[in-house]
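Coordinates in review
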Amino acid sequence: MNEGPANMTETAVALPSASQDHVGFSLNRVGVIAVNTLTEAVRQKVFNFFLIIGLVFIASASFFAQFTFGEQMKFIKDTCLGVISVISTLIAIVGTAQLLPSEVENRTIYTILAKPVRRFEFLLGKFFGSLLLLVLSMMAMSILFGAVLWIKEQGMIRELSQTYLGESAADKADASQQIKRLETEAVDVDLVKAIAADLAKATLVASITLLVSTFSTSLVFNVVVPFMVFVAGMLRGTAVEMWGGHQLLMATLAVVPDFGLFSIADEINLGNVVPWAHVGEIIVYGLARTLIVVVAAHLIFSRREI
Amino acid sequence: MRTKLLVAIVLFGTGLILLPMENAVRAQRLRMKYGGARVTFELREAIGQNLAIALLAGMRGVVADFLWLNSHTFWEKKEWLRQYRDMEVVVTLQPQSVLFWDLGQWHIAWNIGYGSLSDPKNRTKAEGIKREHEWHQKAREFLERGIENIPNKYDLYFAMGWLYYEKLSKDCDEPPCRDALCRATEYFGKAAAFREAPQFVPRVYARALEKCGTLRAAYEEWKRLWSLDHSTTEQTWSIIEREIRRLENELQIPNAQRVFPPSTS
């Protein structure tokens, strides 16, 4: 904590208060802050706006009616998973960007930090609150997505059964095989893997936003910078393909997470094998990156003059 | 200043530490053929700026779907070249999609092919036929690329067999073109070898063997199907029995060797 005499102002701020010094880390306090953060975030108009937009898009994804069964299923899954991915990223950025600035602006942070609450607990509580918001909104979108798929699947099965009504035994047997295939392809358990990877990605985006908000008080800046980092992260895969041989450049780019690695939804929709081991590696990568960014955010926030 | 330096070191240092992990995941994706064509300037030109942005945002599937819907619109407008161009871009974006290869070849061979044949702009009937044949060949080449990309699923082998059976077998001077039918049989055979192939696939294979002129091979295939475990294999056994009986008569199989010897009563 002590940075030495080089910067006296920072050092004075960095020293914990007498009350904080004797207080150990408490998960309970982190939990309380997280729940409060969630409550505040849910009341935000912008969060509700994004969530409603997401839910409307997902619900309307079932209107690809004039295509074959295979096309309809693919379009629905692609659209819904795309919406979940975009909306969760937006919620991660917008939901987290104003967490710290609003506390500073409203001066509520003084009340909280005057109590025996460590800055790290406060920061972690805010982050977990944002994470809870992400989990809840993704759950809501995923449940609706599942419902849309199920309704579509039942409709298709009904349609198939009616088409083959009164046909020969061979046609009926073929229809029964088609129905079985439809049942396994429609509500595919593997879709959970895509949603899990999206959650890991959104968590990382939220942590980056938190990091930016520890040193900036401008809401616009807190939204734009993480978004730019996200775009840069999406382009890292392309950069590696184009300039993979330039070791120095690649090393410089290493500071930006490769968000393209989280994109497995397309592969799952195409019926490709996506092993849990691969999903696990992506999640571990996401969590490792998140941990690093949260530690960096703590380093800044613990030394920040408020 | 020291804090900023420390944060920069943490972010860069750990980024470098995580590089091998990133590279491993990337290598896995490459090995499992995830993704599709690289985003190049040519691809960006082909799909337009907005879709290129969506593509770079990781929404490859949505972009491909959108272009597919677009190609469908071109079909309705009878703008076949545009439709074909869009389908080419779609399979470039998602070369692992069975659906796009399968439906794409169907559009090319059946819809565009017939559209060209019956196009009022044709000066002679022969011109229409020639143009139709050209689209059939385009569909064949399209599917060949599909099979190269997805050799581990039955669908495209069956589609190729069906293309030979239904379309290319009528493209010679004196149809049915036996060579095309025999090529169809090859592909049906490959499709039937997959465990997950629907029950009609091996039946189509056996029938194609007969069309190719190899009656004996067709009979053996029907017999092989009949010999499968009836309690665990889903199949329409009545069709197989009917075909075996018919071929046993046609081939004049001795009673002792027949699966269904004629009843003596």
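1. So, the overall build of chain A
Each helix and strand counted, chain A has 15 helices and zero strands in total. The C-alpha extent of chain A, read off along each of the three principal axes, is 90 × 50 × 30 Å. Every one of the 306 residues in chain A was classed for burial, and the buried ones make up 41%.

2. A short note on the overall build of chain B
A count of helices and strands for chain B gives twelve helices and zero strands. Listing every helix and strand of chain B by position from the N terminus yields α-α-α-α-α-α-α-α-α-α-α-α. What you see for chain B is a C-alpha radius of gyration of 26 Å, clearly larger than the 18 Å of a compact globule of 265 residues, by over 25%. When the backbone C-alpha atoms are referred to their principal axes, chain B occupies close to 105 × 55 × 25 Å. Here chain B holds 265 residues, and the buried ones make up 38% of them. Taking the intrachain contacts of chain B between residues at least 6 apart in sequence as the baseline, contacts between residues at least 24 apart amount to 48%.

3. Things to note about the interface of chain B and chain A
Contact with chain B, which involves 41 residues of that partner, is made by 47 residues of chain A. For the side of chain B that touches chain A, the secondary structure elements donating two or more residues are α1 (2–31), α4 (60–76), α6 (98–117) and α12 (237–250) of chain B. If you tally residues by element for the side of chain B that touches chain A, the top one is α1 of chain B, at 17 residues. When grouped by side-chain class, the residues that make up the side of chain B that touches chain A number 22 nonpolar, twelve polar and seven charged.

4. What about unusual backbone geometry?
Residue and element names in this part refer to chain B. Note the cis peptide between P175 and P176, where omega equals 0 degrees. Tracing the backbone through its elements, the reader meets P176 in the loop between α8 (154–166) and α9 (178–192). At K33, a position not held by glycine, the phi torsion is positive, near 55 degrees. Inspection of the secondary structure puts K33 in the loop between α1 and α2 (41–47). The exposure class of K33 is partly exposed, given the 14 C-beta atoms found within 10 Å. A positive phi angle, close to 50 degrees, is found at Q252, a residue other than glycine. By the secondary structure assignment, Q252 is in the segment after α12. On the basis of neighbour count, Q252 is assigned to the exposed category, with 6 C-beta atoms found within 10 Å.

5. Describing the nonpolar core
Of all hydrophobic cores here, the largest spans 135 residues; its most connected members are V63 and F188 of chain B. Not counting the four nearest positions on each side in its chain, F188 of chain B is found in contact with F158, G161, V201, V204, Y205 and A208 of chain B.

6. Focus: the packing of helix α11 (residues 215–227) of chain B against α12 of chain B
Residue and element names in this part refer to chain B. Two numbers describe how α11 lies on α12: the axes approach to 10 Å, and their chain directions differ by 145 degrees. Here α11 and α12 pass one another in a crossing that is left-handed. Each of L215, A218, Y219, W222, K223, L225 and W226 in α11 lies in contact with α12, whose residues at this interface are I240, E243, I244, L247 and E250. Broken down by class, the residue content of the contact of α11 with α12 amounts to nine nonpolar, no polar and three charged.

7. Description of α12 of chain B
Taking 1.5 Å per residue as the helical rise, α12 of chain B with its 14 residues ought to reach 20 Å, and the 20 Å between its terminal C-alpha atoms agrees with that figure. All of the buried residues in α12 of chain B are I239, I240, E243, I244, L247 and E248 of chain B. The buried residues of α12 of chain B all sit within an arc of 160 degrees when viewed along its axis, so they share a single face. Residues S238 and N249 of chain B are exposed on α12 of chain B and point more than 90 degrees away from its buried face. Contacts made by the buried residues of α12 of chain B are with α9 (169–186) of chain A together with α10 (200–211) and α11 of chain B. One or two residues past the end of α12 of chain B sits Q252 of chain B, with phi positive at roughly 50 degrees.

8. Quick notes on the packing of helix α7 (residues 125–149) of chain B against α8 of chain B
Residues and elements named next belong to chain B. Contact geometry of α7 with α8 gives a least axis separation of 10 Å together with a crossing angle of 160 degrees. Taken together, the axes of α7 and α8 lie roughly antiparallel to each other. Crossing angle aside, the handedness with which α7 passes α8 is left-handed. Contacts between α7 and α8 pair A139, R140, L143, G146 and I147 from the former with L156, Y157, A159, M160 and L163 from the latter. Grouping the amino acids of the contact of α7 with α8 by side-chain chemistry returns eight nonpolar, one polar and one charged.

9. What about the confidence of the model for chain B?
Residues and elements named next belong to chain B. The pLDDT averaged across chain B works out to 90; a share of 99% of its residues lies at or above 70. At the level of individual helices and strands, chain B shows its lowest average pLDDT in α2, which scores 78, and its highest in α8, which scores 96. For this predicted complex, the interface score ipTM comes out at 0.80, while the overall pTM is 0.84.

10. Remarks on the environment of W226 of chain B
All names here are of chain B. In this structure, W226 sits in helix α11. Placed twelve residues apart in sequence, W226 and S238 show a C-alpha to C-alpha distance of 9.9 Å. Sequence-distant contacts of W226, defined by excluding residues within four places in its chain, comprise I240, I244 and V259.

11. What about the environment of T37 of chain A?
All names here are of chain A. With respect to the helices, strands and loops of the structure, T37 is situated in helix α3 (residues 27–42). The class of T37 is buried, set by 24 C-beta atoms lying within 10 Å. Linking T37 and T96, residues 59 residues apart in sequence, is a C-alpha distance of 9.7 Å. In contact with T37, not counting residues within four places along its chain, are L99, G125, K126, G129 and S130.

Reading the values: the criteria
- Throughout this document, residue positions are counted from 1 along each chain, in the order its sequence is written.
- Labels follow written order: the first chain is A, the first ligand is 1, and so on.
- Where local features are concerned, this predicted model is filtered to residues with pLDDT of at least 70; where side-chain atom pairs are given and counted, the filter is 80 or more; whole-chain, interface and lining totals use all residues.
- A helix here means a DSSP run of H or I that spans at least four residues, while a strand means a run of E at least two residues long, and both kinds are numbered starting from the N terminus.
- Field definition: a residue is buried when 20 or more other C-beta atoms are found within 10 Å of its C-beta, exposed when 12 or fewer are, and partly exposed for counts in between, with C-beta atoms placed from the backbone.
- As a reference, a globule follows 2.2 Å times the number of residues to the power 0.38, and the radius of gyration itself is taken over C-alpha atoms.
- Note that contacts rest on C-beta atoms placed from the backbone: two residues are in contact if these are within 7 Å.
- Amino acids are sorted into nonpolar (Ala, Val, Leu, Ile, Met, Phe, Trp, Tyr, Cys and Pro), charged (Asp, Glu, Lys and Arg) and polar (every other residue, Gly among them).
- Among buried residues, those of type Ala, Val, Leu, Ile, Met, Phe, Trp, Tyr and Cys that are joined through C-beta atoms within 7 Å form a set called a nonpolar core.
- Here an axis means a line fitted to C-alpha atoms, over the contact stretch when the element is a helix, while the angle between two N-to-C directions is reported on a 0 to 180 degree scale.
- By convention, the crossing between two helices is left-handed when the near helix turns anticlockwise from the far helix through less than a right angle, and right-handed when the turn is clockwise.
- Multiplying one less than the number of residues by 1.5 Å gives the expected span of a helix.
- What the arc measures is the spread of directions leading from the helix axis to the C-beta atoms.
- Note that the term roughly parallel is reserved for angles under 35 degrees, roughly antiparallel for angles over 145, roughly perpendicular for angles of 65 to 115, and oblique for everything else.
- Here pLDDT means the predictor's own confidence in every residue, given as a number from 0 to 100.

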